Amino acid sequence: MDKKWIPNSEPLKYFSRHEKKLSEKIKNENIENETQDEKIDSNIKFHLNREIAFMEDKFGENKFKWMKENDDKYIMPKYFLERHYLRPETRTKMIDWMIEVFYITQSDSGALQLAVYLMDSFISKTKKTLYDNNIYIIGLTCIYLASKLLDDKPLKLIDMVEIIGKNQIKTEDIIEKEKEVAWIINYDFYVIGVYDYIMVLFYGLIVNHCKKIKKLKARSIINKYMDFCEILSKLVLYKDDLLSYKTSLLSIGVLYFGLDILCLKEKSITKNLRYYLYNWISEIIKKFDFLPNDINFIYNEILKIYKVYIYHPIEQNKKANLNKKGKKFLELTNIAKYYREKLL
């Protein structure tokens, strides 16, 4: 008879021992990986909570209440240019140049609002009589100050003198003017601008109505709406007489006008979304005590600026440069051309 084959038990024993060790090793590695994943998750949660807290502090409900309480503080006096020999056209050109500088340097949008506020505040409070040729160094200094206060990578003084200022103003002159501006405005380096108000309102819309926005599939439209209102908040700065109104009123005018233009431009906006956004603006208005006539006035003023800087044709001959009353339209600069191409 043939002997039956009996397997050797030694290799099996070795394999079973090795398998146990291997399984124990895998278990230990899994435990280590789980602990590492937990650490990573806890780090992510920690930074996420910090970011949420930062955003809430910067754009949340408490910020909105504070802005509403201090709305009157940042109103410019009416006709603050009249006691100087400063023409409104000169200020408009300076702001146009400021927009271009901040756009090229990719600075924070709030820095532009702050720079214009510092310049206007200095002009309205200084006891000196200013002339058209004084505004260049004032504007340049305010750009430098605003960038230092708000930008992550602020503009360097040497770049302000050589690149932006084109060596027309000395370094020591900017330093002296910086001290003078800070002293005259009583070191008030904070401002509630139209851009700040709009961002706070949009933050409330996105955070408090996220389910509704997701249901309407409206996030991309709202992003376009935000971008458009950001541009309009810069255009509002051109008119010095508008800055004598409350920032909240200007912001509501920008939101209304921006939504009207967006509804004309974007065919993808549904009736439900249009109704929802107009209703959102109506809810904001209820938080204030503005009259309909006030909002309509601001709306029409924004429309005028929009027609001049955005909607007006870029290429014009000498005859087209004159309107029916014979007044010249302001020439469009490169940055205004960029906005026009983006908005039309």
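Quick notes on the rules
- Residue positions are given per chain, counting from 1 as you read along its sequence in written order.
- Two thresholds apply to this predicted model, a pLDDT of at least 70 for residue-level local features and 80 or more for giving and counting side-chain atom pairs, whereas whole-chain, interface and lining totals are computed over all residues.
- Excluding hydrogens and water, the side-chain values take into account all heavy atoms of the structure.
- Each residue carries a pLDDT value, the predictor's own confidence for that position, ranging from 0 to 100.
- Whether two residues are in contact is decided by their heavy atoms, any of which lying within 4.5 Å being enough.
- Under the DSSP-based scheme used, a helix requires at least four consecutive residues in state H or I and a strand at least two consecutive residues in state E, with every element numbered from the N terminus.
- Here a polar contact means two N or O atoms within 3.5 Å. Within protein one must be a hydrogen donor candidate and the other an acceptor candidate, and residues neighboring in sequence count only if both atoms are side-chain atoms.
- Throughout, the protein atoms alone are placed on a 1 Å grid, and a set of points is a cavity if a 1.4 Å probe fits but cannot get out or a pocket if it is open with protein on both sides within 12 Å along at least five of seven lines; lining residues have an atom within 4 Å of a point.
- Grid points are joined across faces, edges and corners, and a volume is the space filled by probe spheres set on the points.
- Here the nonpolar group is Ala, Val, Leu, Ile, Met, Phe, Trp, Tyr, Cys and Pro; Asp, Glu, Lys and Arg are the charged ones; every other residue, Gly included, is treated as polar.
- A helix is expected to reach a length of 1.5 Å times the quantity of its residues less one.
- Relative accessible area decides the class of each residue, using a 1.4 Å probe on protein chains only: under 20% of the type maximum gives buried, over 50% gives exposed, and in between gives partly exposed.
- To get an axis, fit a line to the C-alpha atoms, keeping to the stretch in contact for a helix; angles then go from 0 to 180 degrees between the N-to-C directions.
- For this classification, under 35 degrees means roughly parallel, over 145 means roughly antiparallel, 65 to 115 means roughly perpendicular, and everything else is oblique.
- The sense of a crossing depends on the near helix, which, turned anticlockwise from the far helix by less than a right angle, makes the crossing left-handed and, turned clockwise, makes it right-handed.
- When a carboxyl oxygen of Asp or Glu lies within 4 Å of a side-chain nitrogen of Lys or Arg, that pair is called a salt bridge.
- In this description, a nonpolar core means a group of buried Ala, Val, Leu, Ile, Met, Phe, Trp, Tyr and Cys residues linked to one another through side-chain atoms lying within 4.5 Å.
- Pairing of aromatic rings covers Phe, Tyr and Trp, the last through its six-membered ring, and needs centres within 6.5 Å; plane angles under 30 degrees mean stacked, over 60 mean edge-to-face, and all others mean tilted.
- For a ring to carry a charge above it, either NZ of a lysine or CZ of an arginine must fall within 6 Å of the ring centroid while also lying within 35 degrees of the normal to the ring plane.

1. Side note on the confidence of the model for the chain
Okay, so step 1: The pLDDT averaged across the chain works out to 76; a share of 72% of its residues lies at or above 70.
Okay, so step 2: For residues 1–19, every residue scores under 50 in pLDDT, and the model assigns this stretch zero contacts once sequence neighbours within four places are set aside.
Okay, so step 3: Note that residues 312–344 has pLDDT below 50 and, in this model, 53 contacts with residues that lie over four places away or in other chains.

2. Things to note about unusual backbone geometry
Okay, so step 1: The residue N186 is not glycine, and still its phi comes out positive at about 60°.
Okay, so step 2: Looking at where N186 falls in the secondary structure, it is placed in the loop between α7 (171–184) and α8 (194–208).

3. Overview of the side chain of S244
Okay, so step 1: Looking at the secondary structure, you find S244 in the loop between α10 (219–235) and α11 (247–265).
Okay, so step 2: In this structure the side chain of S244 is engaged in a polar contact, spanning 2.6 Å, whose partner is the backbone oxygen of D241.
Okay, so step 3: Not counting residues within four places of it along the chain, the set of residues in contact with S244 comprises I75, M76 and K78.

4. Let's talk about empty space enclosed by the protein
Okay, so step 1: Under the criterion given, the structure shown has one cavity of 30 Å³ or more.
Okay, so step 2: Here the largest cavity defines a volume of roughly 180 Å³.
Okay, so step 3: Contributing to the lining of the largest cavity are 15 residues, with Y74, V191, I192, L237 and L243 lying nearest its centre.
Okay, so step 4: Of all the secondary-structure elements, those providing two or more residues to the lining of the largest cavity are α4 (109–125) and α11.
Okay, so step 5: The element contributing the most residues to the lining of the largest cavity is α4, with four residues.
Okay, so step 6: Across the lining of the largest cavity, the residue classes tally to eleven nonpolar, three polar and one charged.

5. Regarding the environment of Y256
Okay, so step 1: Topologically, Y256 is positioned in helix α11.
Okay, so step 2: Separated by 39 residues in the primary sequence, Y256 and I295 have C-alpha atoms spaced 8.9 Å apart.

6. A word on α8
Okay, so step 1: Compared with the 21 Å implied by 1.5 Å per residue over 15 residues, the 21 Å span of α8 between its first and last C-alpha is a close match.
Okay, so step 2: The set of residues buried in α8 consists of V194, Y195, Y197, I198, M199, V200, L201, F202, Y203, G204, L205 and I206.

7. Topic: the side chain of E178
Okay, so step 1: Along the chain, E178 falls in helix α7.
Okay, so step 2: By relative accessible area, which is 14% here, E178 ends up buried.
Okay, so step 3: Those residues in contact with E178 that sit more than four places away from it in its chain are T141, Y144, L145 and K148.

8. Structural notes on the packing of helix α5 (residues 135–150) against helix α6 (residues 157–164)
Okay, so step 1: For the pair α5 and α6, interaxial distance at closest approach is 10 Å and the crossing angle is 140°. Between α5 and α6, the interaxial angle falls into the category oblique. In terms of crossing hand, the pair formed by α5 and α6 is right-handed. Counting all contacts with α5, which are made through Y136, L140, I143 and Y144, the residues of α6 involved are L157, M160 and I164.
Okay, so step 2: For the contact of α5 with α6, the per-class residue count stands at seven nonpolar, no polar and no charged.

9. Section: the pattern of salt bridges
Proximity of charged atoms lets side chains of opposite charge pair with each other.
Okay, so step 1: Summed over the entire model, instances satisfying the criterion amount to eleven salt bridges.
Okay, so step 2: When the shortest N-O distance is used, the salt bridge between E176 and K179 registers 3.8 Å. With E176 and K179 both in helix α7, this residue pair falls three residues apart, about one helical turn.
Okay, so step 3: Of the residues examined, E176 reaches a relative accessible area of 48% and is grouped as partly exposed.
Okay, so step 4: For E180, the salt bridge goes to K177, with nearest N and O atoms at 3.0 Å. Pair noted here: E180 and K177 are both in helix α7, with a separation of three residues, about one helical turn. The pair formed by E180 and K177 is uniform in burial state, with each residue classed as buried.
Okay, so step 5: Beyond isolated ion pairs, a larger network of salt bridges with shared partners links K128, K177 and E180.

10. Here's the deal with helix α12 (residues 271–286)
Okay, so step 1: The first and last C-alpha atoms of α12 sit 23 Å apart over 16 residues, in line with the 22 Å expected at 1.5 Å per residue.
Okay, so step 2: Along α12, the positions that sit buried rather than exposed are L273, Y276, L277, W280, I281, I284 and I285.

11. A word on the nonpolar core
Note on soluble globular proteins: their nonpolar side chains tend to be buried together.
Okay, so step 1: Ranked by size, the top nonpolar core spans 95 residues in total, and within it M98, M119, F202, Y225, L255 and W280 carry the most contacts.
Okay, so step 2: Excluding residues within four positions of it along the chain, L255 makes contact with L201, F202, Y225, C229, W280, I281 and I284.

12. Section: the packing of aromatic side chains
Okay, so step 1: For the structure shown, the criterion picks out twelve aromatic pairs.
Okay, so step 2: Consider the rings of Y74 and Y117, whose centres lie 5.6 Å apart with planes at 70°: the pair is edge-to-face. Here Y117 lies in helix α4 and Y74 lies in the loop between α2 (61–69) and α3 (88–104), a separation of 43 residues in the sequence. Here Y74 matches Y117 in class, with each residue buried.
Okay, so step 3: Ring plane angle 90° and centroid distance 6.2 Å describe the contact between Y187 and F189, whose orientation is recorded as edge-to-face.
Okay, so step 4: Assessed through its relative accessible area of 26%, F189 is described here as partly exposed.
Okay, so step 5: A network of ring pairs unites the aromatic residues Y197, F288 and F290 as a single cluster.
Okay, so step 6: The side chain of K68 reaches across the aromatic face of F288, ending 5.4 Å from its centre.

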